[in-house]
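Each chain, written out:
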Amino acid sequence: MTETIRLFDKDPYGVLFTAEVLDVRTLEEKGAAQIILDRTLFFPEEGGQTPDRGVLAGLDVTDVQIHDGVITHTVRLMAEESGSTPLPKAGDTVSGQIDWEHRYSNMQNHTGEHILSGLMHTLYGYENVGFHLSDNTVTLDPSGRLDDEQLLDLERRANEVVWKNVPVTASWPSDEELANMEYRSKKEIEGAVRIVIIEGVDVCACCAPHVKRTGEIGLIKILSVERTKNGMRLFILCGARALKLMQERQLQAERISRLTSLPQENIADGVEKLLSEIAELKNALREGEQRYVDMRLAQLRCAGSDNSGDSSKDPAPLKSFWVFEENLSPLLARYMMNELCREKCRFAGVFTGNDRDGWQYLIGSRVDDARIPNAAMKENLSARGGGKPEMVQGSVKATREQIEGLLS
Ligand SMILES: [Zn+2]
């Protein structure tokens, strides 16, 4: 089959076109068909860029691929009942319309990539060894690394090229002209080479549509950088997509500013100060909790001192501590239990929680088997837990009154 005429090469701003259908293949299982035309404005997936979208012969174009110069359009077939558009046949003349917003965004981002790559080539001698332009991300992979300051400088220089509004042109030089030309190229190209020139900035072999003048890009933004094995990957956005992202980020910054009552201009310093205040408060809270627990322990020891009774001749059986606290960190609950175990007692149990949500518990013993009260709670209150004679831990969904009633 003869190569498809690439209307977008000479007319990157074209939206509507008519063409003759050369071949149609139905892909029954996918509810789709493939159409080959003599000419097209649909740019195929090529050179790291996603294909154009749009409508062909009244059908949605879902994919465009190129193989040996022949461009194949995949269209979605409509359901019979929705007043279906008939599939064209070979020899028909059909009209097509590309999704201009999508295409123009690709043109802005693609031309922005040329500017960044061209500048890095001139300033640092780097090659762009990978380019990816999808509907989600735009990345380029320079063959070397830049530090933060160099990246800011690169971004500023790239936007200066936008402000200068220099022309972007495409041409097909002869072999002789090419031999004397310095240009960037990602791979060995067979056949006629299309050279895209951004005046004073970049000369590159490229097959995709670009904007006519750099001013149309509007904005070139480097978003983030990842180090790669031999260089780095830049995540960028240009044009309408860059503006949209900046608007979203601005709203985030405004919201943070409102929530924190900090001025937007130095919000990072303000948030840093807030975080250190939170850290100090957490510290103070921890110290307060510790003081509270030590005070409670002193109270409990006092109350427990009459534990052994007043007669040494006939000592009363050892009492147990059953302590209930609404808010206690697991660390302090354990500390409390360990401290109580040092006292003369049979069991030291620390319960944290409340009657509504239930209680977490730790029970320790140095003279008996902590599994005994645990077994009683499991049997009578459906508690869950286990451990060793020295210590058990678990949880129980019951009221304090029920627990105390069972264990006291
Ligand atoms: Zn290009």
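The written sequence of each chain sets the order in which its residues are numbered from 1. Per-residue local features are limited, in this predicted model, to residues with pLDDT of at least 70; the limit for side-chain atom pairs, both in listing and counting, is 80 or more; totals at the level of whole chains, interfaces and linings are taken over all residues. In computing side-chain properties, one takes all heavy atoms of the structure into account and sets aside hydrogens as well as water.

A. Expanded view of the pattern of salt bridges. We define a salt bridge as a contact between a side-chain nitrogen of Lys or Arg and a carboxyl oxygen of Asp or Glu at a distance within 4 Å. Under the counting rule described, the total for this entry stands at 25 salt bridges. A salt bridge links E339 to R301; its shortest N-O distance comes to 3.1 Å. Of this pair, E339 sits in helix α7 (residues 330-341) while R301 sits in helix α6 (residues 267-304), and the two are 38 residues apart along the sequence. Salt bridges sharing partners connect three or more residues here, namely R6, D9, E46 and R194. By the criteria applied, helices consist of DSSP H or I runs no shorter than four residues and strands consist of E runs no shorter than two, each listed in order from the N terminus.

B. Looking closely at the confidence of the model for the protein. Each residue carries a pLDDT value, the predictor's own confidence for that position, ranging from 0 to 100. Summary statistics for the protein give a mean pLDDT of 92 and a share of 94% for residues scoring 70 or more. Within the protein, the element-level pLDDT minimum falls on helix α4 (residues 175-179), averaging 86, and the maximum on helix α3 (residues 148-164), averaging 98.

C. Representation of the environment of R371. Within the secondary structure layout, R371 lies in helix α8 (residues 371-381). Think of it in three bands: residues with accessible area under 20% of the maximum for their type are buried, residues over 50% are exposed, and the middle band is partly exposed, with areas taken using a 1.4 Å probe on protein chains only. R371 gets classed as partly exposed once you look at its relative accessible area, which sits at 39%. Those residues in contact with R371, other than ones at most four positions away along the chain, are G387, K388, P389 and V392. Throughout, a contact is declared for two residues whenever any of their heavy atoms are within 4.5 Å.

D. Local environment of the sheet that holds strand β15 (residues 232-238). Each pair of strands is called paired provided DSSP finds at least two bridges between the two strands. The antiparallel open sheet is built from four strands, whose spatial order is β9-β10-β15-β14. Unpaired on one side and paired on the other, β9 (128-133) and β14 (220-227) mark the two borders of the sheet. Averaged over neighbouring strand pairs, the angle between their axes works out to 20 degrees when direction is ignored. Axis definition: a line fit to C-alpha positions, over the contact stretch in the case of helices; interaxial angles, taken between N-to-C directions, run 0 to 180 degrees. Strands β9, β10 (138-142), β14 and β15 of the sheet are contacted by helix α2 (residues 100-124), whose axis makes an angle of about 135 degrees with β15. Where α3 meets the sheet, it contacts β14 and β15, and its direction lies at approximately 150 degrees from that of β14.

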